[in-house]
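Remarks on the overall topology
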Amino acid sequence: MKDTMRKRVLVATGGGDCPGLNAVIRAIVLRAEQERDWEVVGSINAFDGILNEPNEIVILGEKEVAGIHIRGGTIIGTTNKGGPFAWPIKNKDGSWGSADRSDEMIRRLQYLGVDAVINIGGDGSQQISQKLFEKGCNIIGVPKTIDNDLSATDFTFGFQTAVQEATTAVDKLVTTAASHNRVFVLEVMGRYAGWIGLHSAVAGGADVCLIPEIPYDLNKVMEKIYSRFHRGRGYAIIVIAEGAKQKGGDVHYQDGNKKGEGSQRLGGVASKLIEDLKRAGLSTDIRETVLGHLQRGGTPIAYDRILATQFGVEAFEMVLREDFGRMVAYRHPNIVSVPFKEAISKYNFVNPESYLIKAARGVGICMGD
Ligand code: F6P
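It should be emphasised that the depicted structure is a prediction, and the values quoted were computed from it without experimental measurement. Starting from 1, residues in each chain are numbered consecutively following that chain's sequence as written. The predicted nature of this model means local features are confined to residues of pLDDT at least 70 and side-chain atom pairs, given and counted, to a pLDDT of 80 or more, with totals for whole chains, interfaces and linings taken over all residues. By convention in this description, side-chain values take in all heavy atoms of the structure and omit both hydrogens and water.

Glancing now at the pairing of strand β2 (residues 38–43). Consecutive residues of a regular strand have side chains that alternate between opposite faces of the sheet. When a residue's accessible area, from a 1.4 Å probe over protein chains only, is under 20% of the maximum for its type it is buried; when over 50% it is exposed; and in between it is partly exposed. Put simply, DSSP H or I for four residues or longer makes a helix, DSSP E for two residues or longer makes a strand, and each gets a number counted from the N terminus. Burial of β2 is extensive: six of the six residues sit out of reach of the surface. Covered by surrounding structure in β2 are Trp-38, Val-40 and Gly-42 together with Glu-39, Val-41 and Ser-43, the residues of both alternating faces. Strand pairing is assigned whenever DSSP identifies at least 2 bridges connecting the two strands. Looking at chain direction, strand β1 (residues 7–13) and β2 are connected through five bridges and run parallel. Paired with Val-9 across the strands is Val-40, a residue of β2. By convention, orient the strands away from the viewer: a clockwise path from the first strand over the helix to the second makes the crossover right-handed. The handedness of the β1 to β2 crossover, carried by helix α1 (residues 21–33), is right-handed. Relative to strand β3 (residues 57–60), β2 runs antiparallel, the two being bridged by four bridges. Looking across to β3, one finds that Ser-43 is bridged to Ile-57.

As structure tokens, then:
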């Protein structure tokens, strides 16, 4: 039941989870608690909590958020399927279709007495934010993704934690690879952008780094591997982003696109690379490690907790200022905001001419080209 004396801000987390989501939620709640006339509610599993029957809305107070900033995941759940503009429905013939339930969602928000919405999510979630804003919803966005692929912000929270995880994996693989004179291929996340791959390859001192932005040449990879072996002894570490592809080739999907059940799942590039290298005559022992969701789960590192806390506080202050239709962003050293339209207009690819790529090449990392 709504406290009629107080205004209500609804928080939702959408898309893949990410370390730091709980720190944002906590910051919003703690900042809101300083305003006597506001209360915070959470929608369970992104906007599904509003659209489900019965709805799933939880009150978020100081007690609910105590200590959650150190916990991974999101206490209000998330989903990267469907959403108000493409709600999955099963057709009579058993196939999947989708329905636009956005108008109904706006009505439900009014019925629930929601005065403002804070949508914490990545690219897809902020596209939903923009469309809801166009329909008159008082909405603010907070950028989230381990992939760091939103161009409006210097960094998204969760990215540095994922990089730390991937770097730890490189460090561990070095010791076992060196002991066994092996090549290891580490597959990391990064759908269209190779930020995690590039950062962890530089931090861990990998020999080869393959990212979506620089299609690779198998011969160059092979040459680099052989340069690391002398009389059968040596080792090499290859970091490959899940969205990497060979020159003239395509990305590798785990399975077909199942309509109504989310987007295509990438994966399997490490084993494909190994197959291709063996087919091309690689004679060294070579193994793969797929890091997968270990990059997304678990405790956020301090950097991400701090960034997430700043985003949460600023998002609530934007609610107070009625600064709707915008997404919070980090532009060093400031926390700023940008209109949704700008936030979703440009994807944040790694620039092959950037200083970090130059540094990677400078320490001898083969970028596959
Ligand atoms: O967008 C973040 C991300 O981790 C991508 O790097 C990856 O392709 C995707 O999510 C995986 O999503 P899911 O957990 O739904 O398989």
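So, about the domain arrangement of the protein chain. How big an interface is tends to be reported as the loss of accessible area on association of its parts. Under the domain assignment used here, the protein chain contains domain 1 (7–157 + 300–332) and domain 2 (163–296 + 351–362). Computed from C-alpha coordinates alone, the two centres of domain 1 and domain 2 are separated by 33 Å. Of the roughly 1,100 Å² buried between domain 1 and domain 2, counting both surfaces, carbon and sulfur atoms make up 58%. Simply put, the buried area is the total loss of 1.4 Å probe accessible area from both parts when two parts are fitted together. When residues of domain 1 are sorted by the area they lose upon contact with domain 2, Trp-96, Ile-146 and Asp-147 head the list and together hold 44% of the total. Note on definitions: salt bridges are taken to be side-chain nitrogens of Lys or Arg within 4 Å of carboxyl oxygens of Asp or Glu. Where domain 1 touches domain 2, the interface holds one salt bridge. A salt bridge links Asp-17 to Arg-296; the shortest N-O distance between them is 2.9 Å. Pairs of N or O atoms within 3.5 Å make up the polar contacts considered here, provided that, within protein, one atom can donate a hydrogen while the other can accept it, and that residues adjacent in sequence are counted only when both atoms are side-chain atoms. Linking domain 1 with domain 2 are two residue pairs in polar contact (both at pLDDT 80 or more). Charged residues are taken to be Asp, Glu, Lys and Arg, nonpolar residues to be Ala, Val, Leu, Ile, Met, Phe, Trp, Tyr, Cys and Pro, and polar residues to be all remaining types, Gly included. A breakdown of the residues in the side of domain 1 that touches domain 2 according to their chemical character gives six nonpolar, three polar and four charged. Residue ranges labeled as domains rest on an automatic or database domain assignment.

Here we come to the packing of helix α8 (residues 218–227) against helix α9 (residues 269–279). Lines are fitted to the C-alpha atoms to define the axes, a helix being fitted only along its stretch in contact, and any angle between axes, read from their N-to-C directions, falls within 0 to 180 degrees. Running from N to C, α8 and α9 cross one another at 80°; their axes reach a closest spacing of 11 Å. In terms of axis orientation, α8 runs roughly perpendicular to α9. Here Leu-218, Val-221, Met-222 and Ile-225 of α8 come into contact with α9, specifically with Leu-273, Asp-276 and Leu-277. Of the residues belonging to the contact of α8 with α9, the class tally is six nonpolar, no polar and one charged. Working rule for angles: under 35 degrees goes down as roughly parallel, over 145 as roughly antiparallel, 65 to 115 as roughly perpendicular, anything else as oblique. Between two residues, a contact is recorded if the distance between any of their heavy atoms is within 4.5 Å.

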